[in-house]
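# Report on the structure
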Amino acid sequence: MSKQKNSRHCNQAAAPQELSFAEMGKKLHDANIVVKQEVEELNLVIQSLAEMEKKLHQANMVVNHQKEELNSVIESFAEMGKKLHDANIVVKQEVEELNLVIQSLGEMEEVYKVNLKQPGLAEMEKFYKQKIQEERSARKETEEEFKSFKDRMAGEVDLKLKTGDSENMNNPVNETRLKEMYEKLRNDWAKIKPKIKQAAQSDPEPIKVGIQRNFQSGAKGIEQKKKEIESVFKLNADSTEASQKVHEYTKLTLQNLQLAVYYSFKDTAAQGFHGQEGETHSFSNLTQKCRWLSALLVLNDPPLQPDWKNHDPGQDAWNFFPQKITAESATSLCQDHSENVVGYSLTFQHPDVNQSEDKMMM
């Protein structure tokens, strides 16, 4: 009997200890969950820091590139300043010589007026009048040469500024502003994407191909015009100096074409997407803007295009637009996407979209 009592007593004493182990196990499990969450948060922080470091590195590269361009501009202006200084010295010398000629003419004219009043000097008067006329003709010729020299120097400076390697910040289609316009296009797509997804019945492929098709159309159309312009200018390149001038004026012509394309569609492109238009109208506006911007990107020096090849949409299959536009993409766009793009058509596209494509490329 005493042994049974002792056994029951031991079992009753062990029960609280077992309960305590269960609670400890639960607390340990909860602690593991908290630790796991903190590790995940820490990994997110590490990933965020890595991305920030990458962006900082890219920003430093951009700053260094801009510094190099700025130094190039400073050197260019220094060289032009030296040329202008030399030109001013030449001009000053010519002005001084011209003033001496004018003064000499005035003195000669006064002498002639006094001497020619004497009788019997008709022949001398005729001779000196002829000399005065010759001096006046020489003076007029000097003035015309001086004016031609000033106009030529002004043209040289203006051409260098417009066709130099540095970015013209007053140009509405310089590379920086083209990238800003492309970023705005990506934002426009984000605004209309929900309605397009609904209309396309969850099939993103035709829409993606349609957008790439419009970029390809804009690029190919303007590329043909570039080749035509370059072929015309090549006819006049008959010497080293002439070739340089031909190159500069060809570049200037392409810049003017780029500005003409920009202003031909600028007001329409500036209209935003507020989500109030129907999906057909919104997509039609977006595709026109794709063709327009693609043409502007091709006319940049160097040509640019979205980096379709290396684009990773992530988990969103409707994330069509690459983050970057690169020069390498411009050279491969027409070759890499021609077969894939032509094989698709948009299921809900408005009839005017295809017509507007022809109108956009003039």
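Residues numbered from 1 in each chain as written. Predicted model: local features only at pLDDT ≥ 70, side-chain atom pairs only at ≥ 80, totals over all residues. Heavy atoms only, no water.

## Digging into the overall build of the protein chain
For the protein chain, the count of helices and strands is eight helices and two strands. The N-to-C order of helical and strand elements in the protein chain reads α-α-α-α-α-α-β-β-α-α. At a minimum sequence separation of 6, the contacts of the protein chain that also span at least 24 residues come to 77%. Put simply, the protein chain shows about 24,800 Å² of open surface, and 53% of that area lies on carbon and sulfur atoms. (Helix = DSSP H or I, 4+ residues; strand = E, 2+ residues; numbered from the N terminus. Contact = heavy atoms within 4.5 Å. Areas by Shrake-Rupley, 256 points an atom, 1.4 Å probe, with all protein chains shown as cover.)

## Digging into the nonpolar core
Among the nonpolar cores identified, the biggest contains 36 residues, and W189, I207, I211, L286 and F321 are the most heavily contacted of them. Elements with a minimum of two residues in this core: helix 3 (175-199), helix 4 (205-233), helix 5 (240-270) and helix 6 (279-298). In terms of residue count, helix 6 provides more of this core than any other element does, nine residues in total. Sequence-distant contacts of W189, that is, excluding residues within four places in its chain, are made with I196, I207, I211, F283, L286, W318, F320 and F321. (Core = buried A, V, L, I, M, F, W, Y, C linked by side-chain atoms within 4.5 Å. Buried < 20%, exposed > 50% of the residue type's maximum accessible area, 1.4 Å probe, protein only.)

## Concerning empty space enclosed by the protein
Taken as a whole, this structure holds one cavity of 30 Å³ or more when the rule is applied. Residue lining of the largest cavity: V91, E94, V95, L98, T142 and F146, and that is the complete set. Considering each element in turn, the lining of the largest cavity owes the most residues, four residues, to helix 1 (residues 2-115). Its residues placed into classes, the lining of the largest cavity shows four nonpolar, one polar and one charged. (1 Å grid on protein atoms, 1.4 Å probe; cavity = no way out; pocket = protein on both sides within 12 Å on 5 of 7 lines; lining within 4 Å. Points joined across faces, edges and corners; volume = space filled by probe spheres on them. Nonpolar A, V, L, I, M, F, W, Y, C, P; charged D, E, K, R; others polar.)

## Some remarks on the pattern of salt bridges
If you walk through the whole model with that rule in mind, you get ten salt bridges. Two residues, D86 and K82, come together in a salt bridge whose shortest N-O distance is 3.4 Å. Placement of both D86 and K82 in helix 1 is noted, with a separation of four residues, approximately one turn of the helix. Residue R186 is joined to E183 by a salt bridge in which the shortest nitrogen-to-oxygen separation is 3.2 Å. (Salt bridge = Lys/Arg side-chain N within 4 Å of Asp/Glu carboxyl O.)

## Observations regarding the packing of aromatic side chains
What the rule picks out here adds up to nine aromatic pairs. For the pair Y262 and W292, a centre-to-centre distance of 6.0 Å together with 25° between the ring planes defines the contact as stacked. Here the residue Y262 occupies a position in helix 5, and W292 occupies one in helix 6, the gap between them amounting to 30 residues. On the basis of relative accessible area, Y262 is assigned to the buried category, the value being 11%. (Phe/Tyr/Trp six-rings, centres within 6.5 Å; stacked < 30°, edge-to-face > 60°.)

## Re the confidence of the model for the protein chain
A residue-level look at the protein chain finds 71% of positions with pLDDT of 70 or above and a mean pLDDT of 76. Mean pLDDT across the secondary structure elements of the protein chain bottoms out at helix 8 (residues 351-360), with 40, and peaks at strand 1 (residues 305-306), with 92. Confidence drops under pLDDT 50 across residues 274-278; counting only partners more than four residues distant or on other chains, this segment forms five contacts. Segment residues 337-362: pLDDT under 50, and 48 contacts once partners within four positions in sequence are set aside and those in other chains are kept. (pLDDT = per-residue confidence, 0-100.)

## Examining helix 3
With 25 residues, helix 3 extends 35 Å between its outermost C-alpha atoms, agreeing within 8% with the 36 Å of an ideal straight helix rising 1.5 Å per residue. Where helix 3 bends most, at I192, the angle is about 50°, and the proline P194 comes one to four residues later. Following helix 3 by one or two positions, Q201 adopts a phi angle in the positive range, close to 55°. (Expected span 1.5 Å × (residues − 1). Bend = angle between axes of the 7 residues up to and from the residue.)

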